[in-house]
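What the coordinates show
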Amino acid sequence: MMPLSDEAKKGIPVGMVVAAAQIVVHDDTLAAELLEEAGLTTAAEMRTAGCDPYDIEKLRPLLKDIARRASLRQKS
C-alpha cells in the first residue's frame, strides 16, 4: 500500500468532521464517538485542522456536551 501524501493526511480530519456534522442530526452519540476517536473534541482543534466553520458551528452543541462529559470524568 502506498503511504498517504501530506495532502491526504490533512484531509482525513476534515472528512471526519464533515461526517460527524452529518451524523449528529441522526445520532449524536455516534457523532461524539467519531470526534473523540479522531481527537477532534474542540472547535480550536477543528479550526487548526482546516475544518469549515459551517461544520464546526453545526457541531458546537455536541462539542459543549463532550467537554461537559470530559469534565465530569476528571472529577470522578
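Below is a summary of the structure that appears in this document. (Residues numbered from 1 in each chain as written. Predicted model: local features only at pLDDT ≥ 70, side-chain atom pairs only at ≥ 80, totals over all residues. Heavy atoms only, no water.)

Some remarks on the packing of helix α2 (residues 28–38) against helix α4 (residues 53–75)
A pair of packed helices can be characterised by two numbers: the angle between their axes and the separation between those axes. Running from amino to carboxyl end, α2 crosses α4 at an angle of 70°, the nearest separation of the two axes being 10 Å. Judged by the inter-axis angle, α2 sits roughly perpendicular to α4. For the pair formed by α2 and α4, the contact residues are Asp-28, Ala-31, Ala-32, Leu-35 and Glu-36 on the first element and Leu-59, Leu-62, Leu-63, Ile-66, Arg-69 and Arg-73 on the second. The residue inventory of the contact of α2 with α4, partitioned by class, reads 7 nonpolar, no polar and 4 charged. (Axes fitted to C-alpha atoms, helices over the stretch in contact; angles between N-to-C directions. Helix = DSSP H or I, 4+ residues; strand = E, 2+ residues; numbered from the N terminus. Parallel < 35°, antiparallel > 145°, perpendicular 65-115°, else oblique. Contact = heavy atoms within 4.5 Å. Nonpolar A, V, L, I, M, F, W, Y, C, P; charged D, E, K, R; others polar.)

Describing α2
Given 3.6 residues per helical turn, the α-helix brings residues three or four places apart onto the same face. By the burial criterion, the buried members of α2 are Ala-31, Ala-32 and Leu-35. Buried residues of α2, seen end-on, are gathered within an arc of 100° and therefore sit on one face of the element. Contacts from the buried residues of α2 go to α1 (6–23), α3 (43–49) and α4. With a side-chain oxygen positioned 3.2 Å from the backbone nitrogen of Thr-29, the residue opening α2 is Asp-27. (Buried < 20%, exposed > 50% of the residue type's maximum accessible area, 1.4 Å probe, protein only. Arc of directions from axis to C-beta. Polar contact = N/O pair within 3.5 Å; in protein donor to acceptor, adjacent residues only side chain to side chain.)

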